[in-house]
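An overview of the molecular structure
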Amino acid sequence: MIKFFRVISSFFVAKNVMDLQNLVRENVKRLTPYSSARKEFTGTANIFLDANENSFGSPLEKNYNRYPDPLQYKIKEKIAVWNDVKTDKIFIGNGSDEAIDLLFRIFCEPQKDNILICPPTYGMYEVSAEINDIEIRKANLTEDFELDFEGIENAIEANTKMLFICSPNNPTGNTLDRNVILELAKTFNGIVVIDEAYIHFSNEKSFISEINNFKNIVVLQTFSKAWGLAGLRVGLAFANIEIIELFNKVKPPYNVSEIVQDAVLEALENKESVENTIAEIIDEREKLIGNLSGLEIVTKVFPTDANFVLVKTVDADKIYRHLIDEKIVVRNRNNVEMCEGCLRITIGTPEENERLLKELKNFVISNR
Ligand SMILES: Cc1ncc(COP(=O)(O)O)c(C=O)c1O
């Protein structure tokens, strides 16, 4: 089998040699993007008669009659400072799910290209691939849920455009080996997407700084987890300018609404309270892990750096149904390959975690 990994001793070679344009879909290269009214005129004016908005206002206290900033500049300014990255290396989407979908549209030719995922992992990579009619290749994680470098190497071929790596990984919770990820980024002649949806619950360093070293790394983050804003639908992608320009070329013109941009800007003023919440969640996580480990129906609690924990049980389906009967919903992962017998449990508030433990104990008693 032909190996499409190149042995490269220094990342500088990969950084300079890789021509991203070779990876981009032909129709995207040719595309003339939609030029919105708010993009064409960016100065100051008093009268806006250019976008067919309703000049009379909105039936709400606050006026939302104007289209929002298509590039969400104010939010990017803040995020850029915190992450020590330039604003033009940030994309903001309608959830990171939008960024995932756009990556397919930018780089993958339907019915020709393929992507590689490392199950068990986040389900949307596969669903997005299917929606975009892209073949999915798989290199399962090893038994201890680490990346299988050899397996990945063997699964990659000339039309493999993207490799999705989720770290900390959903549903397993563990952070994947940084050196292996960097080695893959060095040698893979395609886009390496590193999904850091749960990074804020981990002590590990983000890969954002690596976008300056690797042209082919795209880092995904989200406001849905640590920031507690899942309902707003805001996700981020960090990458080199060339990739961010491609995102901006193919995205819907106004993909993040004004009300959402306002709410995110307000939330960004409360960074300290978010940091406190993260600390509390981590505290609760460690308590919950200790308590779950002591239950006789739990055979293994997997190490986690996320705001959830994967737990192997004696009978996941039965326990899941019992919890549902008690109005507690966890995620049953029994049917997921390599997660047989497992439940994925999000860390709740202290009261919620206590209720959960009480019901798990009741399950033990009623099944003796
Ligand atoms: C690994 C991972 N990436 C992305 C997402 C989706 O994030 P968003 O809410 O920003 O679309 C999730 C949601 O559960 C996730 O687990």
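Our structure is the block above this text.
Here the structure is a predicted model, which means the values were calculated and not measured. (Residues numbered from 1 in each chain as written. Predicted model: local features only at pLDDT ≥ 70, side-chain atom pairs only at ≥ 80, totals over all residues. Heavy atoms only, no water.)

**A closer look at the packing of aromatic side chains**
The final tally for this structure, using the stated rule, is 10 aromatic pairs. Judged by centre distance (5.6 Å) and plane angle (15°), the rings of Phe104 and Phe164 are stacked. With a gap of 60 residues between them, Phe104 in helix α5 (residues 96-107) and Phe164 in strand β4 (residues 160-166) connect regions that are remote in the sequence. Taking relative accessible area as the criterion, Phe104 reaches 0% and is therefore assigned buried. According to the relative accessible area criterion, Phe164 is buried, its value standing at 1%. (Phe/Tyr/Trp six-rings, centres within 6.5 Å; stacked < 30°, edge-to-face > 60°. Helix = DSSP H or I, 4+ residues; strand = E, 2+ residues; numbered from the N terminus. Buried < 20%, exposed > 50% of the residue type's maximum accessible area, 1.4 Å probe, protein only.)

**Looking at the pattern of salt bridges**
Counted according to the given criterion, the structure contains 17 salt bridges. The salt bridge involving Glu183 is made with Lys186; its shortest N-O contact spans 3.8 Å. Pair noted here: Glu183 and Lys186 are both in helix α8 (residues 178-187), with a separation of 3 residues, about one helical turn. Judged by its relative accessible area of 30%, Glu183 falls in the partly exposed class. For the salt bridge of Arg285 with Glu286, the shortest nitrogen-to-oxygen distance reads 2.9 Å. The exposure class assigned to Arg285 is buried, which follows from its relative accessible area of 6%. Glu286 gets classed as partly exposed once you look at its relative accessible area, which sits at 43%. Through salt bridges with shared partners, a single ionic network connects Lys62, Glu258 and Asp262. (Salt bridge = Lys/Arg side-chain N within 4 Å of Asp/Glu carboxyl O.)

**With respect to the site of the ligand**
Neighbouring residues of the ligand: 13 residues in total, closest Ser96, Asp195, Tyr198, Thr222 and Ser224. Note that an oxygen atom of the ligand is positioned 2.6 Å from one of the side-chain N or O atoms of Thr222. Notes on the ligand: free accessible area 400 Å², of which the protein chains cover 91%. (Near = heavy atom within 4 Å. Polar contact = N/O pair within 3.5 Å; in protein donor to acceptor, adjacent residues only side chain to side chain. Areas by Shrake-Rupley, 256 points an atom, 1.4 Å probe, with all protein chains shown as cover.)

**Observations regarding helix α9 (residues 241-250)**
Along α9, the residues that are buried comprise Ile243, Ile244, Leu246, Phe247, Asn248 and Val250. Where α9 starts, the residue carrying a side-chain oxygen 2.8 Å from the main-chain nitrogen of Glu242 turns out to be Asn240.

**Quick look at the pairing of strand β3 (residues 135-138)**
The two faces of a sheet get side chains in turn, since along a regular strand they alternate between them. Two strands pair when backbone bridges link them, and strand β2 (residues 114-117) and β3 are joined in this way by 4 bridges, in the parallel orientation. Residue pairing for β3: Asn114 is matched across the bridge by Glu135. (Pairing = 2+ DSSP bridges.)

**Quick word on unusual backbone geometry**
Along the chain, Ser167 connects to Pro168 via a cis peptide bond; the corresponding omega equals -5°. On the secondary structure map, Pro168 appears in the loop between β4 and α8. Between Asn170 and Pro171 the backbone carries a cis peptide bond, its omega angle lying at 15°. Of note in this structure, Asp84 is not a glycine but carries a positive phi near 50°. Tracing the sequence through the fold places Asp84 in the loop between α4 (73-83) and β1 (90-93). A residue is classified by how much of its surface remains accessible, and Asp84, at 69% relative accessible area, is exposed.

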